[in-house]
Amino acid sequence: MPSVYTFSRSDNEILQELLKVFNTARGTAREQWSIQAELLVEPVGWDALWKLSKEFCKKFEVRYPCIAYVTVTSVDFENLSSSVDVLSVQHEAVTLPESVVDVPLVELWPTTKQREQCVNAATTAEFIDLLRFYYNDIWMPWDDQDDKILLPNTVEDRMQLWSDMHNGTIPHCVARSITLLRSSAIDAHNKLNVLDSSLCEEDVENDDDSLLPPNYISQCAELNARLDGLMSQWTLYENPLIREQYLAKMKHKWQKKKSKKNVVALWQGGSIFEFDEISKFLRSRLTNECTLTVMVSAEDGLTLEPEEVVVCSKHYEIPEMPLLQISICSYKGATLRATDMRSWLLMLSEDCRLRDLTLHCALVNTVLLMRAGTLHITNCAFLDDSKNAQSDFAQGIVAMSGAKILIEDCTFDNFYSGIVVHNGAQVELRNCIIKRCGVGIQMYWGARVELSATTIMDCAENSIRCEVEAGACSKYTDVKGLQIKTNCRIGSGNLSKEVLIVGQEATII
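Worth saying up front: this structure is predicted, and the values here are computed from it rather than measured.

Moving on to the overall build of the chain. The helix and strand inventory of the chain stands at eleven helices and 29 strands. What you see for the chain is a C-alpha radius of gyration of 25 Å, in line with the 23 Å of a compact globule of 509 residues. Dimensions of the chain, computed from C-alpha atoms along their principal axes, come out at roughly 70 × 65 × 50 Å. Considering the chain as a whole, with its 509 residues, one finds that 49% of them fall into the buried category. Taking contacts inside the chain between residues at least 6 apart in sequence as the whole, the part at least 24 apart equals 57%. Accessible surface for the chain amounts to roughly 25400 Å². Of this, 49% is attributable to carbon and sulfur atoms. In the chain, which carries 49 positive and 70 negative side-chain charges, the distance between the mean positions of the two groups comes to 11 Å.

What follows is about the domain arrangement of the chain. By a widely used convention, the size of an interface equals the accessible area lost when the partners come together. Parsing the chain into structural domains produces domain 1 (11–138), domain 2 (140–199 + 216–259), domain 3 (260–313) and domain 4 (321–504). The C-alpha-based centres of domain 3 and domain 4 are spaced at 29 Å. On the side of domain 4, twelve residues touch domain 3, which itself brings 15 residues to the contact. Interface area for domain 3 against domain 4, summed over the two sides, is near 1100 Å², with a carbon-plus-sulfur share of 66%.

For the pair helix 4 (residues 121–138) and helix 5 (residues 152–166), interaxial distance at closest approach is 11 Å and the crossing angle is 70 degrees. By the angle class used here, helix 4 and helix 5 are roughly perpendicular. On helix 5, the residues that touch Phe133, Asp137 and Ile138 of helix 4 are Arg158, Met159 and Trp162. Its residues assigned to classes, the contact of helix 4 with helix 5 comprises four nonpolar, no polar and two charged.

Reading across the sheet, the five strands line up as 4-3-2-1-5 and stay open at both edges, with antiparallel pairing between neighbours. Only two strands of the sheet have a single partner each, and these edge strands are strand 4 (99–104) and strand 5 (108–110). Within the sheet, the average angular offset between the axes of one strand and its neighbour, ignoring direction, is 45 degrees. Pairing analysis gives three bridges linking strand 1 (residues 47–51) to strand 5, with the strands arranged antiparallel. Of the residues in strand 5, the one forming a bridge with leucine 49 is tryptophan 109.

Each strand in a sheet pairs with its neighbour through backbone hydrogen bonds, running either in the same direction (parallel) or in the opposite one (antiparallel). One open sheet holds the eight strands; their spatial order is 9-12-14-16-19-22-25-28, and the pairing between them is parallel. In the strand order of this sheet, the two ends are held by strand 9 (315–318) and strand 28 (489–490), each with one partner. Pairing geometry for strand 12 (residues 334–338) and strand 14 (residues 357–360), over three bridges, is parallel. Bridging from a neighbouring strand, alanine 334 pairs with leucine 357 of strand 14.

Counted residue by residue, strand 15 (residues 364–378) has eleven buried out of 15 residues, so it is predominantly covered. Pairing between strand 13 (residues 342–355) and strand 15: eleven bridges, direction parallel. Within strand 15, the residue paired with arginine 342 across the bridge is valine 364. Direction of pairing for strand 15 relative to strand 18 (residues 403–408): parallel, over a ladder of six bridges. Within the sheet, the bridge partner assigned to isoleucine 377 lies in strand 18 and is isoleucine 407.

The next subject is the pairing of strand 17 (residues 395–399). For strand 17, a buried count of five out of five residues is recorded, marking the element as mostly surrounded by other parts of the structure. Note that strand 15 and strand 17 share four bridges and pair parallel. Its bridge partner lying in strand 17, leucine 368 is registered against isoleucine 397. Both strand 17 and strand 20 (residues 417–421) contribute to a ladder of four bridges, which runs parallel. In the sheet register, alanine 399 faces strand 20, and the bridge partner there is valine 421.

On the surface, Glu31, Asp76, Glu78, Asp102, Asp146 and Asp147 cluster together into a negatively charged patch. Relative to the elements of secondary structure, aspartate 76 occurs in strand 2 (residues 67–76).

Another aspect to go through is helix 7 (residues 216–238). With 23 residues, helix 7 should cover 33 Å at 1.5 Å per step; its first-to-last C-alpha distance of 32 Å lies within 8% of that length. Along helix 7, the residues classified as buried are Tyr216, Cys220, Leu223, Leu227, Leu230, Trp234, Tyr237 and Glu238.

So, about the packing of helix 2 (residues 29–40) against helix 4. Helix 4 packs onto helix 2 with a crossing angle of 170 degrees between their chain directions and a minimal axis gap of 10 Å. As the angle between them shows, helix 2 and helix 4 are arranged roughly antiparallel. For the pair formed by helix 2 and helix 4, the contact residues are Ala29, Arg30, Trp33, Gln36, Ala37 and Leu40 on the first element and Thr123, Thr124, Phe127, Leu130, Leu131, Tyr134 and Tyr135 on the second. For the contact of helix 2 with helix 4, the residue count by class is nine nonpolar, three polar and one charged.

Not every positive phi belongs to a glycine, and asparagine 379 is a case in point at roughly 50 degrees. Looking at where asparagine 379 falls in the secondary structure, it is placed in the loop between strand 15 and strand 16 (381–383). Given a relative accessible area of 42%, asparagine 379 falls into the partly exposed group. Unusually for a residue other than glycine, arginine 436 sits at a positive phi of about 55 degrees. Following the sequence through the fold, arginine 436 ends up in the loop between strand 22 (433–435) and strand 23 (439–444). On the basis of relative accessible area, arginine 436 is assigned to the partly exposed category, the value being 40%.

With that out of the way, let us pick up the nonpolar core. Leu354, Leu368, Ile377 and Ile407 are the most contacted members of the largest nonpolar core, which has 68 residues in total. Ranked by residue count, the leading element in this core is strand 15, at six residues. When residues of this core are sorted by domain, at least three fall in each of domain 3 (260–313) and domain 4 (321–504). Other than its neighbours up to four places away in sequence, leucine 354 contacts Ile328, Leu346, Leu348, Leu359, Leu368, Leu375, His376, Ile377, Thr378 and Cys380.

Procedures and definitions
Residues numbered from 1 in each chain as written. Predicted model: local features only at pLDDT ≥ 70, side-chain atom pairs only at ≥ 80, totals over all residues. Heavy atoms only, no water. Helix = DSSP H or I, 4+ residues; strand = E, 2+ residues; numbered from the N terminus. Rg over C-alpha atoms; globule rule 2.2 N^0.38 Å. Buried < 20%, exposed > 50% of the residue type's maximum accessible area, 1.4 Å probe, protein only. Contact = heavy atoms within 4.5 Å. Areas by Shrake-Rupley, 256 points an atom, 1.4 Å probe, with all protein chains shown as cover. Lys, Arg positive; Asp, Glu negative; His and termini not counted. Charge placed at Lys NZ, Arg CZ, Asp CG, Glu CD. Domains from an automatic or database assignment. Buried area = accessible area lost by both parts, 1.4 Å probe. Axes fitted to C-alpha atoms, helices over the stretch in contact; angles between N-to-C directions. Parallel < 35°, antiparallel > 145°, perpendicular 65-115°, else oblique. Nonpolar A, V, L, I, M, F, W, Y, C, P; charged D, E, K, R; others polar. Pairing = 2+ DSSP bridges. Patch = residues over 30% accessible without salt bridge, like charges linked within 9 Å, V, L, I, M, F, W, Y side chains within 5 Å. Salt bridge = Lys/Arg side-chain N within 4 Å of Asp/Glu carboxyl O. Expected span 1.5 Å × (residues − 1). Core = buried A, V, L, I, M, F, W, Y, C linked by side-chain atoms within 4.5 Å.

Here you go:
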């Protein structure tokens, strides 16, 4: 895949660029962006990488995320979208239509090398990068309502809130509540759009309510009421004068709650006998220093910021929610899945533990993404039982720079990449099995991987693949950071064949 334009701007630089867009204070947010797009975006003929949204992945029945190399054939400035011709796809097994319409501009990354020399790709890329930041990070659903005029001071307040959430001014526990509030508002807005779309598909006349789909009016009223309530709650955070007082109250409440260890047991209900057995199990694990809450909803339980979660039902769907400083275990084993199509099942950071779980890859590209911090995984099964998974680029664990992971007594079955270890990450496996993967372990230059009593078997491509600096080494014994103890079984046992050394490839998006 070709390289793309990337930009590094300070918070203040981003704010000043946003204020240029909204300096007229006329019209909705989308209308003001549309005016700027006509001035700065090339109307046709530029090449880009297209990072397909979940909706497009569902439509084309491919695993999310998916990246394609495209050329733009036209731009709809009013809707901030484009039509594209697909030139190639990142993974050969994925098939997309030759032409696709209504691709949002925010899903496109213009490439640094263009086939048409007269195209001003740099200016187009810079505009789309700013547009993407706005819609990904500070846009709220009511910004595009017909009677809404987005003022520059609102943009300033939102930008300051975003900065405070990312520079540590706002504690993580409160920042997560703000993020969840925004996500809930966007979710309600999206559901309203789905209802409206279904109405258009039914081709119902505006003056004939009897032909409306069942429960349409009540569902719309309920979602609009929810959105209005969320808008009022959002004001507590968006307005800087109110936010200061409200945050002080929230911090005091959080500090008081943290005087004891917060434990959440997730249980969907059952018999009295089962409840009695679960109670015995919890009493054996917890002390008087713990506060225990039993919840049915995983989302509600995780919102309580627990240090430990005990999954007491056999199956649970986990919401898309980054977690940190958390321990997750199960009562007699439990399988965790995603609630909807997304990039990852679990995103963890800081000090975390997982034990006695089956982590399923259904609907996600990556089971576990570990950001900076330590993670200890014991007796867990990472599984992808979807068809043709090896060609479907699913991943078990991805360790990012700064991650230090110890994995004991675990299995990884049927992934394209069982474990991916990036530059600056450390992964140690003890008594683990990686089988039926495309690549058992994918590691990059600057990563550290140590294997002890571990088996890698039946991999279609490579047991271990190492991407190193170009020309750095050519054989297994030269790979710095890779240690394989003699009690391991790696494929055929011939490490010079089972460990593939290749030059570092450029990372996209």
